[in-house]
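# Architecture and fold: a report
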Amino acid sequence: MAKPAQGAKYRGSIHDFPDFDPGQDAEALYTAMKGFGSDKEAILELITSRSNKQRQEICQSYKSLYGKDLIADLKYELTGKFERLIVGLMRPLAYCDAKEIKDAISGIGTDEKCLIEILASRTNEQIHQLVAAYKDAYERDLEADIIGDTSGHFQKMLVVLLQGTREEDDVVSEDLVQQDVQDLYEAGELKWGTDEAQFIYILGNRSKQHLRLVFDEYLKTTGKPIEASIRGELSGDFEKLMLAVVKCIRSTPEYFAERLFKAMKGLGTRDNTLIRIMVSRSELDMLDIREIFRTKYEKSLYSMIKNDTSGEYKRALLKLCGGDDDAAGQFFPEAAQVAYQMWELSAVARVELKGTVRPADNFNPDADAKALRKAMKGLGTDEDTIIDIITHRSNAQRQQIRQTFKSHFGRDLMADLKSEISGDLARLILGLMMPPAHYDAKQLKKAMEGAGTDEKTLIEILATRTNAEIRAICEAYKEDYHKSLEDALSSDTSGHFKRILISLATGNREEGGEDRDQAREDAQEIADKPSGDKTSLETRFMTILCTRSYQHLRRVFQEFVKMTNYDVEHTIKKEMSGDVRDAFVAIVQSVKNKPLFFADKLYKSMKGAGTDEKTLTRIMISRSEIDLLNIRREFIEKYDKSLHQAIEGDTSGDFLKALLAICGGED
């Protein structure tokens, strides 16, 4: 079993088996494989209940007792994914890694993702053991084989990582941190082209502690996270490798939680990735991975494996997982540390928000009005011209075009567009032509008219808009529908949900910074819950979530973690239900990371069978000049594909063209 560092707590899910007898275990495995067929359940139970060190002793005893190689016998008796998993468990970690890398570079093509995962995540000691194991198992030099199978900057960084010489000193020089920030900035953002050597040297050699401070300072200095610069400056496998290195520097367990999630989400399972991670982390940090997985993806690793795999393969994976974090309906207390760090990062991050639609240069409303009139005159409609003009002008410029169109032709541009285009394209183009506050007012009106109420839309708009935006919406609503938004909400919703929406619709959220003493009091206020008094809890949450500034709330949520060992979002989901729960969760997610909140909404609007065109259209319009570029970055970070690709795969025709124009590029 891997030994934890001095004074550190063991975080693996597999432990040494008590009263271990290698001879007895060897005999049990021999019996399980003797005769016709094999007792897979017995093999599974025994091997997943022993530590790696104990499994090596069983291999030795098996050879002594029967003169046979246990791994060869297991390969003969078992098949498929189950065989790959069990055989992986029987090898020492370094030899397991060596086999994975050998497979990744053998034959036609290279499995770059496997190389990246292993070499970006292993410690110096693990790298040295891997190099020695590769030499022992294959009588070949790993560095020479990597050089023979890769090229360019990707190859150079892999070779640097293979040296296993990352600094391990925890004492950090502030001057060197500042120098590295400057060198990275000059090597990328400030340079025509990119000096990849600087990225390789700094990210490949500096200590984790040092690099974490470099990343923090880089964000403060440049206004963007290091990951954004890497995406903008590097490309291909080299970019993916550097992003993996950054993720592992920030948190190796979080990197693996993300890899596991991506291995199982969507259609099909990436079994090789799933097996490799479950085997390699089972005696290192599986408990940390589980906690982060539960916090980040709102479901346990155990439940996802259970739903995504089957048979003995599933049972073996679940044994390695070591427990279901959903079973008791709560996180391990250690997960609170993860949540705390997330809020800490959120509290200090000052990321510049950027839209994808900007005012057009050399704007000429007269020429645009004429071009639009021509595009709609006579037989047929020139949709391409309409899309090109309207998606490449800012909203303020579109209002000038509307005015000019009326002055020139005595016609209402909106009415003409309505009669010439239809369906999803019409909703998108007409939405872009409306001033933002009037567009939001219309979406709220539609959410409340007719039978039933679209609570999701009400929540999305009212939980995410700024005070200024909310006040503008209220004015627009009154102007367009001759009724106050508050009255409309009052007559269409009820109970606590109504009170939350009306509170948000006042647009009176505080706008100052944080007050640490008040934050502790606020956290205590929502942490105290008299048993069974749900109404009181909801009122207290509303008073704080609907009125405090975003910056202050980040600190409240951090203090809440300290007091309760829970993330506030998890508590809301556990203690509340229905629309009240959804509204509070939307506020929390918006406070934590608004672009990520919208990235999630966009992903959900396009996943599975069918597309929720209304949500897709509403978000693309409303965020296009505010933070759609940030949303794009969050989308690719979380879902491993760009927003551009998702739209391309899920929509078609002129609607697709217009959406891609608003999206503003492929990441």
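Predicted model, so just to flag it, every value in this text is computed and none were measured.

### Structural notes on the overall build of the protein chain
- Per the secondary structure count, the protein chain includes 39 helices and 0 strands.
- For the protein chain, whose C-alpha radius of gyration is 29 Å, the value lies close to the compact-globule estimate of 26 Å for 667 residues.
- The buried share of the protein chain, taken over its 667 residues, is 52%.
- Here the analysis covers contacts within the protein chain between residues at least 6 apart in sequence; of these, 73% occur between residues at least 24 apart.
- Counting every atom, the protein chain has about 29,600 Å² of accessible surface; 47% of that belongs to carbon and sulfur.
- Averaging the locations of the 96 positively and 113 negatively charged side chains of the protein chain gives two centres separated by 3 Å.

### Concerning the pattern of salt bridges
- Summed over all chains, the structure comprises 49 salt bridges.
- Note that Arg 548 and Asp 522 form a salt bridge whose closest N and O atoms lie 2.7 Å from each other. A residue pair is termed long-range when its members are at least 10 positions apart, and Arg 548 in the loop between helix H32 (534-545) and helix H33 (550-564) and Asp 522 in helix H31 (residues 516-527) qualify at 26 residues.
- For Arg 548, a relative accessible area of 15% translates into the label buried.
- Judged by its relative accessible area of 3%, Asp 522 is buried.

### Some remarks on the environment of Phe 597
- Relative to the helices and strands, Phe 597 resides in helix H35 (residues 578-606).
- The exposure class of Phe 597 is buried, given its relative accessible area of 7%.
- Other than its neighbours up to four places away in sequence, Phe 597 contacts Glu 460, Thr 464, Ala 586 and Gln 589.

### Topic: the layout of surface pockets
- As a volume, the second largest pocket reaches approximately 600 Å³.
- Contributing to the lining of the second largest pocket are 23 residues, with Lys 240, Leu 243, Lys 247, Lys 262 and Asp 640 lying nearest its centre.
- Residue assignment for the lining of the second largest pocket shows that the elements contributing at least two residues are helix H7 (112-121), helix H15 (236-264) and helix H37 (628-639).
- Of all the elements, H15 adds the most residues to the lining of the second largest pocket, at 10 residues.

### Some remarks on the state of the cysteines
- A complete count under the given rule lists 0 disulfides for this structure.
- There is no disulfide at Cys 59, and the cysteine sulfur nearest it, in Cys 96, is 13 Å away.
- Note on Cys 546: no disulfide assigned, nearest cysteine sulfur contributed by Cys 474 at a separation of 14 Å.

### Focus: the domain arrangement of the protein chain
- For the protein chain, the domain assignment lists domain 1 (365-433), domain 2 (436-506), domain 3 (516-592) and domain 4 (594-663).
- For domain 1 and domain 4, the distance between their C-alpha centroids amounts to 23 Å.
- With 14 residues of domain 1 at the contact, the number on the domain 4 side is 11 residues.
- A per-residue breakdown of the area domain 1 buries against domain 4 is headed by Ile 387, Asp 424 and Leu 428, which together make up 42% of the total.
- Summed over the shared surface of domain 1 and domain 4, the number is 1 salt bridge.
- The residue Lys 657 makes a salt bridge to Asp 384 at a minimum N-O spacing of 3.0 Å.
- Connecting domain 1 to domain 4 are 2 residue pairs in polar contact (both at pLDDT 80 or more).
- When residues of the side of domain 1 that touches domain 4 are traced back to their parent elements, those giving at least two are helix H22 (383-391), helix H23 (395-409) and helix H25 (423-433).

Reading the values: the criteria
Residues numbered from 1 in each chain as written. Predicted model: local features only at pLDDT ≥ 70, side-chain atom pairs only at ≥ 80, totals over all residues. Heavy atoms only, no water. Helix = DSSP H or I, 4+ residues; strand = E, 2+ residues; numbered from the N terminus. Rg over C-alpha atoms; globule rule 2.2 N^0.38 Å. Buried < 20%, exposed > 50% of the residue type's maximum accessible area, 1.4 Å probe, protein only. Contact = heavy atoms within 4.5 Å. Areas by Shrake-Rupley, 256 points an atom, 1.4 Å probe, with all protein chains shown as cover. Lys, Arg positive; Asp, Glu negative; His and termini not counted. Charge placed at Lys NZ, Arg CZ, Asp CG, Glu CD. Salt bridge = Lys/Arg side-chain N within 4 Å of Asp/Glu carboxyl O. 1 Å grid on protein atoms, 1.4 Å probe; cavity = no way out; pocket = protein on both sides within 12 Å on 5 of 7 lines; lining within 4 Å. Points joined across faces, edges and corners; volume = space filled by probe spheres on them. Disulfide = S-S within 2.5 Å. Domains from an automatic or database assignment. Buried area = accessible area lost by both parts, 1.4 Å probe. Polar contact = N/O pair within 3.5 Å; in protein donor to acceptor, adjacent residues only side chain to side chain.

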